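If you want the building blocks of each chain, they are given just below.
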Amino acid sequence: MSNDIKSSTAPANAAASPAPAANFLRNQIDADLAAGTYARRDLPNVITRFPPEPNGYLHIGHAKSICVNFGLARDYAGLCHMRFDDTNPEKEEQEYVDTILDSVKWLGFSWEKEIAGSKQTHLYYASDYFDKLYEMAEYLITAGHAYVDSQSAADMAANRGNFGEAGKNSPYRDRSPAESLDLFRRMKAGEFKDGEHIVRAKIDMASPNMNLRDPAIYRIRHAHHHRTGDKWCIYPMYDYTHPLSDALENITHSICTLEFQDHRPFYDWVIERCAEGGFFKKPVPHQYEFARLNLTYVITSKRKLRQLVEEAIVEGWDDPRMPTLVGMRRRGYTPDAIQLMAERTGVTKSDGWIDYSVLEGCLREDLDPKAPRATAVLRPLKLIIDNFPEGETVECTSPVHPHHPERGNRVFPISKELWIEQEDFMEVPSKGYFRLFPGNKVRLRYGYVVECTGCDKDAGGNVIAVHCNYFADSKSGTEGSANYKVKGNIHWVSAPHALAAEVRLFDRLFTDPQPDSGGKDFKLALNPASKEVVTAYLEPGLSAAMPEDVYQFERHGYFVADRVDSIKGKPVFNRVVTLKDSWGK
């Protein structure tokens with residue numbers, strides 16, 4: 001098999017992509033550009049950010065946010081900051097930082113930008129701002145906008161009220177700024193245990209928005225941080241850190257998903273108060289929310305994904321059935337397909353479900369023009385050509401890609417003994433069956449026409465071999481082949497030359513389109529047929545397949561050489577996706 005059979009799955013050049021569809025975010029940016037809202041010297045007019053917490057692996061839902069934030073920055077000649085909101089040391093690890101960065105790069109995006117011959121790196125960590133965030137918290141306390149609360153967690157929860165009942169002021173709410181500031185500094189010095197005190201913003205305990213009922217902004221955590229070590233024993237809360245980090249980085253459009261819509265009033269409040277204190281100049285960032293990606297047959301809860309891993313239901317975070325980006329990459333999903341799905345599903349303000357077939361359709365559309373073709377027999381049955389000369393082979397050829405003749409041909413032998421698919425023989429054919437059965441003729445794809453003469457069975461009555469005779473003047477591509485008119489055309493590989501390989505037939509992990517909705521136990525919806533491992537026989541040229549090479553196994557679907565388990569000369573293949581959608585049919 002020639003070397004040009006390999007395919008590339010690198011992201012396509014963004015400049016070659018069609019103009020993106022309009023949406024409310026683009027309309028907002030267009031309006032801000034027209035009004036000069038963020039026209040500032042030495043800064044782009046559009047600066048977005050992707051701000052994951054380094055407490056797990058990214059999944060397909062994150063991919064949508066990555067594409068939106070980095071895509072907008074790209075399309076408006078702006079910047080997208082890569083920032084880790086690393087405020088929870090007990091759940092964060094460097095491992096997660098590394099895999100997140102790798103996944104964003106794999107998707108085709110970068111936080112580096114070449115400006116005037118100089119490379120600028122826009123990689124940030126909220127932990128780099130801990131000193132500044134502490135300074136701003138001291139200001140809020142001094143200005144009477146925050147206080148130290150010494151209630152127990154249970155009392156705080158009880159006094160917070162609910163959606164139908166206003167909260168009650170903490171008995172410590174009217175502490176003087178001086179007393180709260182002293183306690184805050186002693187918290188920082190490590191004088192207190194976890195949970196003894198907490199810093200809260202002073203807003204409105206009767207607000208109908210629960211997020212404005214004096215939200216916590218700092219808590220005591222005697223925990224080692226993966227970047228700052230043991231410098232701090234108090235850590236800022238996410239809802240406090242996130243908006244102030246945006247403001248410190250001069251973000252213009254802070255784009256997040258709809259679950260943060262009710263958090264926006266506090267986002268605006270804390271930035272406004274700190275701007276009043278001289279920490280920021282206007283214009284300040286503004287938050288916009290869009291609907292998250294809800295994909296059928298998928299769960300994206302970090303807790304539930306972790307459960308799948310820890311209970312060994314899957315074989316790790318990169319199990320090809322997982323919706324994590326490392327799992328999808330190993331499965332054979334491509335950055336281009338994911339970007340295409342993100343673009344096609346659009347940006348809206350209304351939650352809804354996207355059928356998984358949309359993602360699979362984008363994947364097929366991306367792979368079809370790229371993937372070289374190959375022959376594979378997944379459920380082998382021996383076919384013996386009784387009148388074929390013993391020990392001889394004949395060379396057969398077929399195109400590397402049927403729509404790209406410039407990519408040349410692949411070459412493989414035909415011999416006396418072949419492997420065919422079990423379903424390509426029936427001793428007693430059903431109506432409309434045109435493949436092998438006694439007395440019927442079929443064409444061996446790219447080879448000869450053969451006539452079935454019978455079969456061999458084992459003691460249990462199972463067919464273990466099929467016999468046939470071939471017509472020497474019927475080889476594909478020769479003049480004599482036109483004299484044979486047959487309805488059946490079947491795949492095969494030469495038995496003595498075939499590459500025996502492990503092939504993993506992956507399918508959807510769940511049988512329920514919404515496996516964890518409505519309080520359901522998602523594990524009850526696990527698909528017992530989500531993974532099947534077979535020993536398949538492949539055309540010999542596939543021994544040269546390298547990890548992450550993608551092929552279309554003709555008739556079966558798209559397959560990728562596993563990036564972890566494949567070794568030189570012995571690839572292991574994962575089914576990426578079938579040729580057609582069979583779910584719901």
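The rules behind these values
Residues numbered from 1 in each chain as written. Predicted model: local features only at pLDDT ≥ 70, side-chain atom pairs only at ≥ 80, totals over all residues. Heavy atoms only, no water. pLDDT = per-residue confidence, 0-100. Contact = heavy atoms within 4.5 Å. Buried < 20%, exposed > 50% of the residue type's maximum accessible area, 1.4 Å probe, protein only. Helix = DSSP H or I, 4+ residues; strand = E, 2+ residues; numbered from the N terminus. Pairing = 2+ DSSP bridges. Right-handed = clockwise from strand over helix to strand, strands pointing away. Core = buried A, V, L, I, M, F, W, Y, C linked by side-chain atoms within 4.5 Å. Axes fitted to C-alpha atoms, helices over the stretch in contact; angles between N-to-C directions. Phe/Tyr/Trp six-rings, centres within 6.5 Å; stacked < 30°, edge-to-face > 60°. Lys NZ or Arg CZ within 6 Å of the ring centre and 35° of its normal.

J.: Would you mind going over the confidence of the model for the protein with me for this structure?
T.: Low pLDDT marks regions whose predicted coordinates should not be analysed in detail. When the pLDDT values of the protein are averaged, the result is 93; 96% of them are 70 or greater. Segment residues 1-17: pLDDT under 50, and 42 contacts once partners within four positions in sequence are set aside and those in other chains are kept.

J.: In this structure, what is going on with the pairing of strand β10 (residues 253-257)? I would like to understand it.
T.: Side-chain direction in a regular strand flips from residue to residue, so the side chains alternate between the two faces of the sheet. Judged by how many residues are buried, β10 sits mostly within the fold: five of five residues are covered. Side chains of β10 alternate between two faces, with His253, Ile255 and Thr257 and Ser254 and Cys256 buried alike. Taken together, the five bridges between β10 and strand β11 (residues 286-290) define a ladder with parallel strand orientation. Among the inter-strand pairings, serine 254 is bridged to a residue of β11, identified as glutamine 287. Viewed along the sheet, the connection from β10 through helix α8 (residues 264-276) into β11 turns out right-handed.

J.: Looking at this structure, how should I read the nonpolar core?
T.: Residues Ile60, Ile66, Phe70, Met82, Val104 and Leu107 are the most contacted members of the largest nonpolar core, which totals 42 residues. Mapped onto this core, the elements with two or more residues apiece are α2 (60-75), β2 (79-84), α3 (94-106), α10 (325-331), α11 (335-345), α12 (356-367), β28 (557-561) and β29 (573-577). In terms of residue count, the dominant contributor to this core is α2 (six residues). Core analysis: the second largest hydrophobic core is formed by 37 residues, Leu181, Ile234, Val270 and Cys274 among them.

J.: Would you mind going over the sheet that holds strand β7 (residues 198-201) with me for this structure?
T.: By way of backbone hydrogen bonds, the strands of a sheet pair with one another, either parallel or antiparallel. Pairing within the open sheet is antiparallel, and its four strands lie in the order β6-β7-β8-β9. Two strands lie at the open edges of the sheet, namely β6 (146-149) and β9 (234-236), each paired on one side alone. Each adjacent strand pair in this sheet contributes to an overall mean axis angle of 20 degrees, direction not counted. As paired strands, β6 and β7 are joined by four bridges and run antiparallel to one another. Residue pairing for β7: alanine 146 is matched across the bridge by alanine 201.

J.: Help me understand the sheet that holds strand β1 (residues 47-50) in this model?
T.: Here we have three strands laid out as an open sheet, ordered β1-β2-β5, and parallel in their pairing. The open sheet is flanked by β1 and β5 (123-125), the only strands paired with a single partner. Mean inter-strand twist for the sheet, computed between neighbouring axes without regard to direction, equals 35 degrees. Two strands pair when backbone bridges link them, and β2 and β5 are joined in this way by three bridges, in the parallel orientation. Paired with arginine 83 across the strands is tyrosine 124, a residue of β5. Across the sheet, α3 touches β1, β2 and β5, and the angle it forms with β2 is around 160 degrees.

J.: Mind showing me how you'd approach unusual backbone geometry here?
T.: The residue after lysine 282, namely proline 283, is reached through a cis peptide bond having omega 5 degrees. Tracing the backbone through its elements, the reader meets proline 283 in the loop between α8 and β11. Even without being a glycine, aspartate 214 presents a positive backbone phi close to 45 degrees. By secondary structure assignment, the location of aspartate 214 is in the loop between β7 and β8 (216-220). We classify aspartate 214 as buried; its relative accessible area is 1%.

J.: Teacher, can you tell me more about the packing of aromatic side chains here?
T.: Two measures describe an aromatic ring pair: the distance that separates the ring centres and the angle between the ring planes. Tallying each qualifying case throughout the model produces 24 aromatic pairs. Geometrically, the ring pair formed by tyrosine 57 and tryptophan 317 is stacked, given 4.9 Å between the ring centres and 15 degrees between the ring planes. With a gap of 260 residues between them, tyrosine 57 in the loop between β1 and α2 and tryptophan 317 in the loop between α9 (302-310) and α10 connect regions that are remote in the sequence. Accessibility assignment for this pair places tyrosine 57 and tryptophan 317 in one class, buried. An aromatic cluster is built from Phe130, Tyr134, Phe184, Tyr218, Trp232, Tyr235 and Tyr240, whose rings are joined through pairwise contacts. In this structure, lysine 382 is placed above the aromatic ring of tryptophan 419, and the distance from its NZ or CZ to the ring centre is 4.8 Å.

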